[in-house]
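Residue strings, one per chain:
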Amino acid sequence: MNYAAIMKSSGGAFGKPAADNPLERRYAAISVALWLFMAVATALFLLFIAAYIMRMDAADWSPLAMPWQLWLSTSILVIASIFLQLAVAAANVRQMERAHTLLLVAGFWSIAFLGAQWWGWQALQAIHVTANGNPAGSFFYLLTAMHGLHVAGGLVGWGMAAAGSWRQEPRRLAWRIRLCARYWHFLLVVWLLLFAVLGWLTPDFVRMVCGTR
């Protein structure tokens, strides 16, 4: 019986150990932990977005014009997510050198995302938009900083996967790449939501939706 048949009969495709394997249970536990972490992070971001929406009705609120660098950073994060998904596809068919390269490229683009976000901050500070004064500016720095910290935390996990990608056995590497890809897709969805809220949500629109206009 060949390797593929063994994997199939054990109930797992490539990169997914047999269910009765202790390593499989460890993988499953870490996977569930990641889902729980993303659920908690989602709730946290939604609470801050709710606070942002409620604060918009204050008299001292002055809408911000989003710096063009945020369009750049959004495009970069999309690219990073795409490369990680390509790395998953390569690892699933045991093209491990290709998976390793795509993993490294995804990390490069993720670091570039943080650089573009910092550039956007500098652009706002150059026109005297700071975290003090206008509450819209305060929320902008808070929400983008929170997201940036989540990206930086993801880069720690990415670094662990990338550092050991040459010496890890294919199944374990494929599992790590899948976790990285899942988290990066989550970061992309959260950022798109934040970008839409920060860039297009206005007090008039909120009043119209809430029926207070």
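Now for a quick tour of the structure. (Residues numbered from 1 in each chain as written. Predicted model: local features only at pLDDT ≥ 70, side-chain atom pairs only at ≥ 80, totals over all residues. Heavy atoms only, no water.)

Glancing now at the packing of aromatic side chains. Per the counting criterion, the structure on display carries 17 aromatic pairs. For the pair W71 and W200, a centre-to-centre distance of 5.7 Å together with 75 degrees between the ring planes defines the contact as edge-to-face. Of the two residues, W71 sits in helix α3 (residues 69-92) while W200 sits in helix α6 (residues 170-200), which places them 129 residues apart along the sequence. For W71, a relative accessible area of 48% translates into the label partly exposed. Ring geometry for F113 versus W191: centroids 5.9 Å apart, planes at 80 degrees, classification edge-to-face. Placement of F113 in helix α4 (residues 96-126) and of W191 in helix α6 is noted, with a sequence separation of 78 residues between them. We classify F113 as buried; its relative accessible area is 0%. Overall, W191 belongs to the buried group, its relative accessible area being 0%. Among the aromatic residues, ring-to-ring pairing joins W71, F113, W191, F195 and W200 into one connected group. (Phe/Tyr/Trp six-rings, centres within 6.5 Å; stacked < 30°, edge-to-face > 60°. Helix = DSSP H or I, 4+ residues; strand = E, 2+ residues; numbered from the N terminus. Buried < 20%, exposed > 50% of the residue type's maximum accessible area, 1.4 Å probe, protein only.)

Relative orientation of the contacting elements α4 and α6 amounts to 30 degrees, with a least axis distance of 11 Å. Judged by the inter-axis angle, α4 sits roughly parallel to α6. As for how α4 packs across α6, the hand of that crossing is left-handed. Along its contact with α4, which presents M96, A99, L103, S110, F113 and Q117, the element α6 presents P170, L173, A174, I177, W184 and W191. Classifying every residue of the contact of α4 with α6 gives 10 nonpolar, 2 polar and no charged. (Axes fitted to C-alpha atoms, helices over the stretch in contact; angles between N-to-C directions. Parallel < 35°, antiparallel > 145°, perpendicular 65-115°, else oblique. Left-handed = near helix turned anticlockwise from the far one by under 90°. Contact = heavy atoms within 4.5 Å. Nonpolar A, V, L, I, M, F, W, Y, C, P; charged D, E, K, R; others polar.)

Below, the discussion takes up α4. The terminal C-alpha atoms of α4 lie 45 Å apart, and with 31 residues this matches the ideal 45 Å at 1.5 Å per residue to within 8%. One or two positions beyond α4, positive phi appears at H128, with a value near 65 degrees. (Expected span 1.5 Å × (residues − 1).)

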